[in-house]
Amino acid sequence: MNPPPLVSVLMSVYNSERYLAQAIESILHQSFTDFEFIIIDDGSTDRSLEILQAYAQRDPRIQLISRENRGLARTKNELVSLARGEFLAIMDSDDVAMPDRLAHQVAFLRANPDVVCVGGAYDFIDEAGRLLEHVSVPLTDADLQRFALQGKVLINHPSAMIRRQALEQVGGYDETMHTDGILDLWLRLGEVGKLANLAETVLHYRQHQHSVSEQKQWLQLEDKREACERAWRRRGITGTFAETTPWRPVDRPSRYHYYLKYGWSFLNRREWGAAIIYGFRAMRELPWKRGAWKLLTYGVIKYLTTTLSSWVFR
C-alpha cells in the first residue's frame, strides 16, 4: 500500500448532479496535492453516481463507494473510518473550494498544533454561481467557543479541516442527532483542543432550495439546542441559547426579504439581469409588496438603458 497522504478530503453525495462536477473539479485542482479524495454516494437516484464513476476512472486519488442511503451522520462517520490522512478536509457536493484552500489550512494546522479544527471565511453563491455576499468569521478559539455555546455555528462545516486524531478522540459525528449535528461536533472538539478560522476565503458556499440545510432547518435548530444543553452540562456552566429561528428563509415573508436583499445588492453591482431575476422571485413570494416591484422596475430600466446604449454606440 502507498504511504498515507497528509490530507483526506471527505465528501458525501446525494442527488447532486447539477453541482457535482464543479465541486469535484475544485478539489482536484487544488494547489496542495498530497491528498486522497474519498467519496460516498449515499444512494443517489439521479446521475450523481454516473458522474462520480467517470471522475474516479480518470483520477486515482478518488476512492469511490456507492451503496444504499444511510443518512448524513452515518455516512460522515463511514468516510472518517476510511480516511488515512492526518488531516480531514470536509467538502460538500454542491460547493466550490478555493484553489489554495487545502494549502492554507494545512499550513495553519502545522503552525498551530493546539488547534484541532480550522475553517475559514467564505462567500455565499446561489444556484447559478452568482455571488451573494462575503461572510467574514470570528478567528479565535475564545470567540468561536463563546458563540458556539449560544447555538451559533461559525465554522462552516464544508470549509473545515480537522485533525483525524481529535475527531476519533471525541467519537466522530453523533448519529443520534436529527441531522449531522455539526454544532455538537464543534463543541466536543473544542473540549480537546482549540478551534479557529482563517481570514482568507476558502469556499464558495452554495445556497439553493434543494440543499439538505435548506430542507431540514427546524431539525437543525433542535440539534443546536440539544448540543448546547449537552455542552453546558459537560462544562458545568449555565448557558443561554440565542438562536430562535433558522438562519435561512423559511416562509414567504422571509424569502421575500432574502430575495429583495440580494436583488438590491445585484443592482448596486450593476448586475442588471440578476437583479431582475431576484425581483421576480421576491414578487412571486409577496406580489402585493411595493419593494419587489420597485426592484424589478429599476432592474428592467437599467438593463434596457445599458443594452440600448451599447447598441447605439457600437
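What comes next concerns the included structure.

Turning our attention to the overall build of the protein. The number of helices and strands found in the protein is 12 helices and nine strands. Taken over C-alpha atoms, the radius of gyration comes to 21 Å for the protein, in line with the 20 Å a tight globule of 314 residues would show. Seen through its principal axes, the protein has C-alpha atoms that stretch 65 × 50 × 40 Å. Contacts in the protein between residues at least 24 apart in sequence constitute 79% of all its contacts with a sequence separation of at least 6. If the 39 positive side-chain charges of the protein are averaged to one point and the 39 negative ones to another, these points end up 6 Å apart.

Moving on, we come to the pattern of salt bridges. Tallied over the full model, the rule gives 24 salt bridges. The salt bridge involving D174 is made with R230; its shortest N-O contact spans 2.5 Å. Of this pair, D174 sits in the loop between α6 (164-169) and α7 (182-189) while R230 sits in helix α9 (residues 217-235), placing them 56 residues apart in sequence. Accessibility classification places D174 together with R230 in one group, the buried group. For D184, the salt bridge is made with R188, and the minimal N-O distance between the two is 2.8 Å. Residue D184 and its partner R188 are both found in helix α7; the two are separated by four residues, about one turn of the helix. The exposure class of D184 is buried, given its relative accessible area of 1%. Several salt bridges converge on common partners, so that one network encompasses D42, R67, E68, R70 and E78.

Relative orientation of the contacting elements helix α10 (residues 252-268) and helix α11 (residues 272-285) amounts to 165°, with a least axis distance of 8 Å. With respect to α11, the element α10 is oriented roughly antiparallel. In this structure, α10 meets α11 at a crossing whose hand is left-handed. Note on element contacts: α11 touches α10 through W272, A274, A275, Y278, R281, A282, R284 and E285, opposite R252, R255, Y256, Y259, L260, Y262, G263, F266 and L267. Tallied by class, the residues present in the contact of α10 with α11 amount to 11 nonpolar, one polar and five charged.

For the rest of this paragraph, the subject is the packing of aromatic side chains. Applying the stated criterion across every chain yields a total of eight aromatic pairs. Relative to Y205, the ring of F124 lies with its centre 5.9 Å away and its plane at 50°, an arrangement referred to as tilted. In this pair, F124 is assigned in strand β6 (residues 115-125) and Y205 in strand β9 (residues 194-206), connecting sequence segments 81 residues apart. Between Y258 and Y262, the ring centres sit 5.0 Å apart and the planes meet at 80°, which makes this aromatic pair edge-to-face.

Further remarks concern the nonpolar core. In this structure, V7, V9, I24, F37 and M161 are the most contacted members of the largest nonpolar core, which totals 57 residues. Dropping the residues within four chain positions of it, F37 is found in contact with V9, M11, I24, I27, L28, R61, I62 and Q63.

This part is about the packing of α7 against α9. At a minimum axis separation of 8 Å, α7 and α9 run at an interaxial angle of 20°. The angle between the axes of α7 and α9 places the two elements in the roughly parallel class. For α7 against α9, the interelement crossing comes out right-handed. Contact with α7, carried on its side by L183, D184, L187 and R188, involves K224, A227, C228, R230, A231, R234 and R235 of α9 and no other residues of that element. Per-class residue counts for the contact of α7 with α9 are five nonpolar, no polar and six charged.

The rules behind the values
- In every chain, residue numbers begin from 1 and rise along the written sequence.
- With pLDDT at 70 or above as the cut-off, local features in this predicted model cover only qualifying residues; side-chain atom pairs require 80 or more to be listed or tallied, and sums for whole chains, interfaces and linings still use all residues.
- Side-chain numbers come from the whole structure's heavy atoms, not from hydrogens or water.
- Secondary structure elements follow DSSP: runs of H or I no shorter than four residues count as helices, runs of E no shorter than two count as strands, and numbering proceeds from the N terminus.
- Note that the radius of gyration is over C-alpha atoms, with the globule rule given as 2.2 Å times the number of residues to the power 0.38.
- The contact criterion used is simple: two residues touch if any of their non-hydrogen atoms lie within 4.5 Å.
- Think of it this way: Lys and Arg go in the positive column, Asp and Glu in the negative one, and His and the chain ends go nowhere.
- Here the site of a charge means NZ on Lys, CZ on Arg, CG on Asp, or CD on Glu.
- One speaks of a salt bridge when a side-chain nitrogen belonging to Lys or Arg is within 4 Å of a carboxyl oxygen belonging to Asp or Glu.
- Categorising residues by exposure relies on relative accessible area from a 1.4 Å probe, with only protein chains included: less than 20% of the type maximum marks a residue as buried, more than 50% marks it as exposed, and the intermediate range marks it as partly exposed.
- Fitted lines through C-alpha atoms give the axes, limited to the stretch in contact for helices. The angle between two N-to-C directions lies from 0 to 180 degrees.
- Convention used here: angles under 35 degrees read as roughly parallel, angles over 145 as roughly antiparallel, angles from 65 to 115 as roughly perpendicular, and any remaining angle as oblique.
- In this scheme the handedness of a crossing depends on how the near helix is turned from the far one: anticlockwise by less than a right angle means left-handed, clockwise means right-handed.
- Side-chain classes are defined by residue name, with Ala, Val, Leu, Ile, Met, Phe, Trp, Tyr, Cys and Pro counting as nonpolar, Asp, Glu, Lys and Arg as charged, and the others, Gly among them, as polar.
- Between the rings of Phe, Tyr and Trp (Trp by its six-membered ring), a pair exists once the centres lie within 6.5 Å; its type follows the angle of the planes, with under 30 degrees stacked, over 60 edge-to-face, and the other angles tilted.
- Here, nonpolar core refers to any group of buried Ala, Val, Leu, Ile, Met, Phe, Trp, Tyr and Cys residues whose side-chain atoms link them within 4.5 Å.

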